[in-house]
Structures are given as structure tokens and as C-alpha cells.
Amino acid sequence: MPLALELRGVDFSYGQGPQVLTGVDLLVEQGEFVAIAGPNGGGKTTLLRLALGLERPSHGEVLLYGESARSFRDRTSIGYLAQRTTIGLHAPATVRDVVEAGRAPVRPYGRLRRDDREAVDQALERVGLRELARRRLSSLSGGQQQRAFIAKALAAHPRLLVLDEPTTGVDVEAQDALGALLHRLHEDLGVTILYVSHEFGSVERYVERLVLVRERIVFDGPPSELPGLWHDPSHSHA
Amino acid sequence: MLDLEFMRLAFAAGAIVGVLAPAVGFFLVQREMSLIGDGIGHVAFAGVAVGYLIGVSPVWTALGAAIVGAAGIEWLRARRKAAGDQALAVVFYTGIAGGVVLISAAGALNANLFAYLFGSILTVTRGDLAVIAVLGLGALAVVAVLLRGLIAVALDEEGARVAGLPVAMLNGLVSMLAALTIGVSMRIVGILLIAALMVLPVIAAQRVAWSVRSTMGISILFGLGSVLAGLTVSYYGNLPPGGTIVLTGTAVFLVASLVEAVAR
Ligand SMILES: Nc1ncnc2c1ncn2[C@@H]1O[C@H](COP(=O)(O)OP(=O)(O)OP(=O)(O)O)[C@@H](O)[C@H]1O
Ligand SMILES: [Mg+2]
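Residues numbered from 1 in each chain as written. Chains lettered and ligands numbered in written order. Predicted model: local features only at pLDDT ≥ 70, side-chain atom pairs only at ≥ 80, totals over all residues. Heavy atoms only, no water.

### A word on the overall build of chain B
Within chain B, the secondary structure is distributed over eleven helices and zero strands. Counting helices and strands in the order they occur from the N terminus, chain B gives α-α-α-α-α-α-α-α-α-α-α. Computed over the C-alpha atoms, the radius of gyration of chain B is 18 Å, within 12% of the 18 Å expected from 2.2 N^0.38 for a compact globule of 264 residues. Projected onto the principal axes, the alpha-carbon positions of chain B cover approximately 50 × 45 × 30 Å. (Helix = DSSP H or I, 4+ residues; strand = E, 2+ residues; numbered from the N terminus. Rg over C-alpha atoms; globule rule 2.2 N^0.38 Å.)

### A look at the coordination of the magnesium ion (ligand 2)
All names here are of chain A. Summarising the metal site, the magnesium ion (ligand 2) is bound by the protein donors Thr45 (OG1) and Gln83 (OE1), whose distances to it range over 1.9 to 2.1 Å. With Thr45 in helix α1 (residues 44–51) and Gln83 in the loop between β6 (78–81) and α2 (95–103), this pair connects stretches of sequence that are 38 residues apart. The exposure class of Thr45 is partly exposed, given its relative accessible area of 25%. With relative accessibility at 24%, the residue Gln83 sits in the partly exposed group. (Donors = N, O, S within 2.8 Å, 3.2 Å for Na, K, Ca; no water. Buried < 20%, exposed > 50% of the residue type's maximum accessible area, 1.4 Å probe, protein only.)

### Topic: the site of ligand 1
Residues and elements named next belong to chain A. Within the structure, ligand 1 sits among 13 residues, and Gly41, Lys44, Thr45, Thr46 and Gln83 are positioned closest to it. Lys44 is positioned with one of its side-chain polar atoms (N or O) 2.7 Å from an oxygen atom of ligand 1. In this structure, Thr45 approaches ligand 1 through a side-chain N or O atom, which is 2.7 Å from an oxygen atom. Expressed as a share of its isolated accessible area of 630 Å², the protein-covered part of ligand 1 is 58%. Tallying contributions element by element places α1 first for the shell around ligand 1, with three residues. Its residues placed into classes, the shell around ligand 1 shows three nonpolar, eight polar and two charged. (Near = heavy atom within 4 Å. Polar contact = N/O pair within 3.5 Å; in protein donor to acceptor, adjacent residues only side chain to side chain. Areas by Shrake-Rupley, 256 points an atom, 1.4 Å probe, with all protein chains shown as cover. Nonpolar A, V, L, I, M, F, W, Y, C, P; charged D, E, K, R; others polar.)

### Considering the interface of chain A and chain B
Residue-level contacts link 31 residues of chain A with 25 residues of chain B. Together chain A and chain B conceal approximately 2,500 Å² of surface at their shared face, both sides included; 59% is due to carbon and sulfur atoms. On the chain A side of the contact with chain B, A:Leu89, A:His90 and A:Tyr109 bury the most area, a combined 23% of that side's loss. On inspection of chain A and its partner chain B, the count reaches two salt bridges. Among the ionic pairs, A:Lys152 bridges to B:Asp156, the shortest N-O distance being 2.9 Å. At the surface where chain A touches chain B, the tally comes to 13 residue pairs in polar contact (both at pLDDT 80 or more). Of all the elements in the fold, those that place two or more residues in the side of chain A that touches chain B are β6 and α2 of chain A. Residue contributions to the side of chain A that touches chain B peak at five residues, all from α2(A). Looking at side-chain class alone, the side of chain A that touches chain B contains 16 nonpolar, six polar and nine charged residues. (Contact = heavy atoms within 4.5 Å. Buried area = accessible area lost by both parts, 1.4 Å probe. Salt bridge = Lys/Arg side-chain N within 4 Å of Asp/Glu carboxyl O.)

### Focus: the packing of helix α8 (residues 167–189) of chain B against helix α9 (residues 194–208) of chain B
All names here are of chain B. Axis separation between α8 and α9 bottoms out at 8 Å; the angle between their running directions is 110°. Between α8 and α9, the interaxial angle falls into the category roughly perpendicular. Contact residues: α8 offers Ala178, Thr181, Ile182, Ser185 and Val189, while α9 offers Ile194, Leu197 and Met198. Here the contact of α8 with α9 is composed, by residue class, of six nonpolar, two polar and no charged. (Axes fitted to C-alpha atoms, helices over the stretch in contact; angles between N-to-C directions. Parallel < 35°, antiparallel > 145°, perpendicular 65-115°, else oblique.)

### A look at the sheet that holds strand β2 (residues 19–28) of chain A
Strand pairing in a sheet relies on backbone hydrogen bonds, with the paired strands running either antiparallel or parallel. Residue and element names in this part refer to chain A. Taken together, the four strands give an open sheet; going across it, the order is β2-β1-β4-β5, and neighbouring strands pair in antiparallel fashion. What marks the edges here is a single partner per strand, and that holds for β2 and β5 (67–68). One ladder, built from two bridges, connects strand β4 (residues 59–64) with β5; its direction is antiparallel. Bridge pairing in β5 links Leu63 to Ser68. Helix-sheet contacts for α1 involve β1 (5–13), β2 and β4, and the interaxial angle to β2 is about 60°. (Pairing = 2+ DSSP bridges.)

Here it is in C-alpha cells:
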């Protein structure tokens, strides 16, 4: 069984800009729940984009399930929530429209089948938006919109879930719900999770592995082993 | 009015155009490429000129030129050689300038040309209708089959790319469909006005719709309604159909905006 994700000796810079990541080695096995943290501009989003094959490393290699990330084929198995996702539509879209778009990679052509509709319903249920499914996305609060995007990422039943700061603007209660949801996906379905955040509030207790990124990987291990030195005041709440 | 063969042909062709233009235009509006139809239309104008010059039916040369223009815009945009609007500007001006030069070279600055620019209800022949029906219904079928993928790309292009949808192919396809729509609609609405029929019904529908699908459906209703009403006015008022169709579309847009304002 190949690793879910492998970065080996990865350097990266945007165009001619300064080096954003240097000498990054990161191996993630299928079924791991990895939290990625670090300062603003530390390279967290860039790391995810490399992992997803959206950027090409200047040095080193990036593999997804043993294949080069740039040409990885089984892409419906990836669920991705980008940082600050918005919808690129001018037309009004309902919550359900958004989540259905997450199912499109599985069934891009023709009509939705019953299992597609069930997957969409299930994803809505999981994020607690079933009742709001017919509402217009723009009529929801920021946190509710964020949950709709999480449901979109879940709709294709990914085996690798990549979430870039999914809890921005999400209240504590919904964060707890998200933490519990990720825990269930991870425990029951063996989904591999890469979770970027500044704040691990309610997710912290489920995380097995924490990776701190500040141009390099400056820490990689169980959160309990994090040297006090690295404790950022913003993470230090219980 | 419908006793007349040419009006029956115009209405039949117009109905197809009225449905097709907003169905394709929907995706242009979502991609903030509302004016791409104009860019392609201007290139199609150069195509008409080429047709006159080499003695081939301008419909075909215009369609060919529209496809080349659409591919050019998409190529410039996708390779980030130029921002979307700049890519458009280059193609737009080259098309109209090339068209004017070629037209005068062909000695075809005449009333017939006016029909290509602004549409005519007298020009649709049975042969034209057959071409419009085959290409138009074919394009609609493509949109219907690929609808979910196209919506997913419009909604979140990067997300669609990560999830493995063929984003470049689908974007290219939208441009090709736009070119085809312009080629097909040119006889009725005219090269300079067809782009409006791709855009106005969609932005009107967005004001009153409640979901992606309802936007699509209402756009098509508005487009069809504008064409049928516009053709009728054009017949009784002896006016060019392109202008009356587009003005009807503008009226629909104003009413939809009013309805939206009242509903809030
Ligand atoms: N598209 C881009 N072009 C050029 N430079 C970029 C681009 N995106 C990010 N950068 C630079 O790369 C560095 C890392 O950015 P990145 O977005 O990966 O950080 P991050 O850890 O995700 O930060 P945040 O916590 O603010 O989300 C920053 O210095 C940023 O300025
Ligand atoms: Mg980031």
C-alpha cells in the first residue's frame, strides 16, 4: 500500500520570487489525521497546493498514492476546501447546488442518480445544513457558507480530505461539530485528513500528528511533544 | 403573419436561437466573459467579408472565423498571455478592422451586408433552417449532457481541477459553443447584436431566479420570449429583427430588475 502523500526534498518558490518552502520532507500514510500549523505566510497553503498537484516543486518530488501529484489520476478521491473559498457564480446558487457541484466529478455527465442524491443529502446532513439546503448560499452566514463548502468537499466520498483553515468564521459549536465529524470520517471510514489551521480548538484532541511549517518543517510529531518554545500564544488556549 | 413562408422559417430558426443563445451565454456570464460574444462576432464579421471575397456563402466562412476567434481568445486567456479583457480587445479590433478592409476589397459595402450585421427576417431559407436546426440542437444537446460538469467548473474552477474534471476541455468547449451560437444566430439577430441575446436574458434571470437551474430555465424562457416578441414587432414595424429582439431583451431585463427591487 503506497503512502497517501509523499513530499521528498521539496523546494518551492512562486516564479522568480523568494523561496517559500525549503527542503520539505513529509510522508503521510493512508488513514492519518494530520494538522498543519504555522505563522501567516509560513507556506501552509503552498504545501497543500503542492500536495494536490496544483503547483510544481522547483526541486524534489511530490507523490499522491505513489503517482506524481501533477498527473495523479484518481482525483475524485480527493476532497479539497481551499482557504477563503467563494463561489465563482453570478447566478444565485442554493446550498444544494454547491454540494451537488462537489458530486460532479463523480458524475459529470448526464443526470444525477439516486446514489449521487444520497451522497449529497448525507454530506448536507453531516455538516448540519439539511434544513437549509434550499436556501440561497448568499443568504447564509459566513460560517454556514463555510459548512456548505465542507459538505461540497465531502460529497464525492473522498479518501483524502484536504482542508485549508475550514473553521475561519465558524462558531465554537460548529467547530465542535466539525471536529467530531472529522473524527468520525477518520475513525469509521479511514479517511486521510490534512487540516490546516491557526486554531485547533475542538479538533486538537483528535489530531495524532502536528506539522509546523515556517518555510521548513520545524516540528513534526504528536501535539503532546510540541516543545513549549513553539507554543504560539494564539494556540495556547485549552 | 405566419401564413408567410419566410416568417415561419424566421420563427422556427428564431426559436432555436432564442433557446440556444442564453443556454450558452449562461456560462459566459458566470466566467465574466460577457463580452466574448462580441469579440467572436467581430471576427465573424471578417469571416463574412472573406466569404464575399472568395465567393463562398458568408455563413460558413463566418462560422469558421468565429471558431478561430474563439480559439484565439481562449488560447490567449488560458496561457495568461493577456488578461481576459485584453485578449478580447486584441481579437475584437483585429476582427472589425480586418472585416472592413476585406469587405471594401470585395466591393460588398451594400444592403446585403446590413442583413448580416443586424439580422433580417427575409434571409432565412429552408437550407439555413436545416443548418440552424442541426447545429443548434446539437449544441443544446452538448450543453444538456455536460451541464453538471460545466456548472461545477463555473462554480469553483480550482476545486473542479483538483477533483479531476477536464477543466481546460470544458472551458474550450464553452468558447466553441459560443462561436457556434454566433454562427447559427447571425442570420436572424445579426453579428453585431447576437452577443446581447447571449447575455441579457441571463443577467435578467439572475435577478429573479432562486437557484442555478432556475436561472438557466428562466434565461431560456426570457431568450425565447425576446426572440418571438422581437420578430413580431420587427414584422409589423418593418424594423431589423436584431434590434427589436435585443431591445425586447433590454425591456425584460428592466422589468426583472424592477421585480427584484420590489421583492426585496
Ligand atoms: N500566488 C502567489 N504568488 C506569489 N507569492 C505567493 C503566492 N501565494 C503565496 N505566496 C507567498 O508565499 C508565502 C507562503 O504563502 P502561503 O499562502 O503558503 O502561507 P500560509 O502559511 O498559508 O499563510 P496563511 O496563514 O496566511 O494562510 C508567502 O510569503 C506569500 O507571500
Ligand atoms: Mg494559507
